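# Reading the structure
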Amino acid sequence: MEKKYIIDTEENKKFLEDVRNGIFDFGHSFPSPDGSSYWLDTDGTPCYDKPRETFITCRMAHVYSMGTFLGHKGSAELAAKAIKGLKEGPLHDTENGGWHNKIDSEGKPLPDKLCYAHAFVMLAGTSGLLAGIEGSKELLEEGMETYDKYYW
């Protein structure tokens, strides 16, 4: 068996680090200009024609907050784009509160709001807060208030 597959060998640690960095590198193109997240094709290029969803934007905020802990270059900036997009972008429903489940490729909100998406907002806020990403505390607080008001 190759040493890279034997736990705790130097070869294994290097192998896992390379895999982890490859996964982080893959997602670098997720942010849309408005702060929401594009779906990514199998090679990491954005799918501009697909709806952009709150849970994906939140997940990317979480992933790159974790990347910040791991020292992955560019992670803090990517997490900050997602957090800012969740607070100020078209996924955030400034008229009625909370977050739209998704927006179309033109940025128009699609119908329905889901508890699922709001739970992800709290994940993004929590992860960002722990990683020191600006605006995360406010995102988390608004996410919890919205969740308590409509879903609890």
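This write-up is about the structure you can find in this document.

Cut-off values and rules
- Residues numbered from 1 in each chain as written.
- Predicted model: local features only at pLDDT ≥ 70, side-chain atom pairs only at ≥ 80, totals over all residues.
- Heavy atoms only, no water.
- Patch = residues over 30% accessible without salt bridge, like charges linked within 9 Å, V, L, I, M, F, W, Y side chains within 5 Å.
- Areas by Shrake-Rupley, 256 points an atom, 1.4 Å probe, with all protein chains shown as cover.
- Salt bridge = Lys/Arg side-chain N within 4 Å of Asp/Glu carboxyl O.
- Lys, Arg positive; Asp, Glu negative; His and termini not counted.
- Charge placed at Lys NZ, Arg CZ, Asp CG, Glu CD.
- Helix = DSSP H or I, 4+ residues; strand = E, 2+ residues; numbered from the N terminus.
- Axes fitted to C-alpha atoms, helices over the stretch in contact; angles between N-to-C directions.
- Parallel < 35°, antiparallel > 145°, perpendicular 65-115°, else oblique.
- Left-handed = near helix turned anticlockwise from the far one by under 90°.
- Contact = heavy atoms within 4.5 Å.
- Nonpolar A, V, L, I, M, F, W, Y, C, P; charged D, E, K, R; others polar.
- Buried < 20%, exposed > 50% of the residue type's maximum accessible area, 1.4 Å probe, protein only.
- Expected span 1.5 Å × (residues − 1).

Right, let's talk about a negative patch on the surface for a bit. Residues E134, E138, E141, E145 and D148 make up a contiguous surface patch of negative charge. In this structure, D148 sits in helix α5 (residues 136-150).

In the contact formed by helix α2 (residues 54-69) and helix α4 (residues 115-131), the axes pass within 8 Å of each other and the chain directions differ by 20°. Between α2 and α4, the angle falls in the class roughly parallel. Relative to α4, the crossing made by α2 is left-handed. For the pair α2 and α4, the contacting residues are T54, F55, C58, R59, A61, H62, S65, M66, T68 and F69 in the first and Y116, A117, F120, V121, L123, A124, S127, G128, L130 and A131 in the second. Looking at side-chain class alone, the contact of α2 with α4 contains 13 nonpolar, six polar and one charged residues.

Before going further, it helps to examine the side chain of T57. Inspection of the secondary structure puts T57 in helix α2. Taking the relative accessible area as the measure of exposure, T57 reaches 0% and is therefore buried. If we skip the residues at most four places from it in the chain, T57 touches G35, S36, S37, A82, L86 and L91.

Time to look at unusual backbone geometry. For D8, which is not glycine, the phi torsion reads 75° and is therefore positive. With respect to the helices and strands, D8 occurs in the segment before α1 (10-26). What makes D8 exposed here is its relative accessible area of 56%. Its identity is not glycine, yet D112 carries a phi of approximately 85°, on the positive side. Examined against the element boundaries, D112 turns out to sit in the loop between β4 (102-103) and α4.

Quick look at α4 now. Taking 1.5 Å per residue as the helical rise, α4 with its 17 residues ought to reach 24 Å, and the 25 Å between its terminal C-alpha atoms agrees with that figure. Restricting attention to buried positions, one finds in α4 the residues A117, H118, F120, V121, M122, A124, G125, S127, G128 and A131. Against the buried residues of α4 lie α2, α3 (75-88) and α5.

Where α2 meets α3, the axes come as close as 8 Å, and the angle between the chain directions of the two elements is 150°. With respect to their mutual orientation, α2 and α3 come out roughly antiparallel. Note that α2 runs across α3; the crossing there is left-handed. Of α3, the residues touching α2 (which contributes T54, T57, C58, A61, Y64, S65, G67 and T68) are S75, A76, L78, A79, A82, I83 and L86. In the contact of α2 with α3, the residues fall into nine nonpolar, six polar and no charged.

Purely geometric stuff here, so don't read any function into it on its own.
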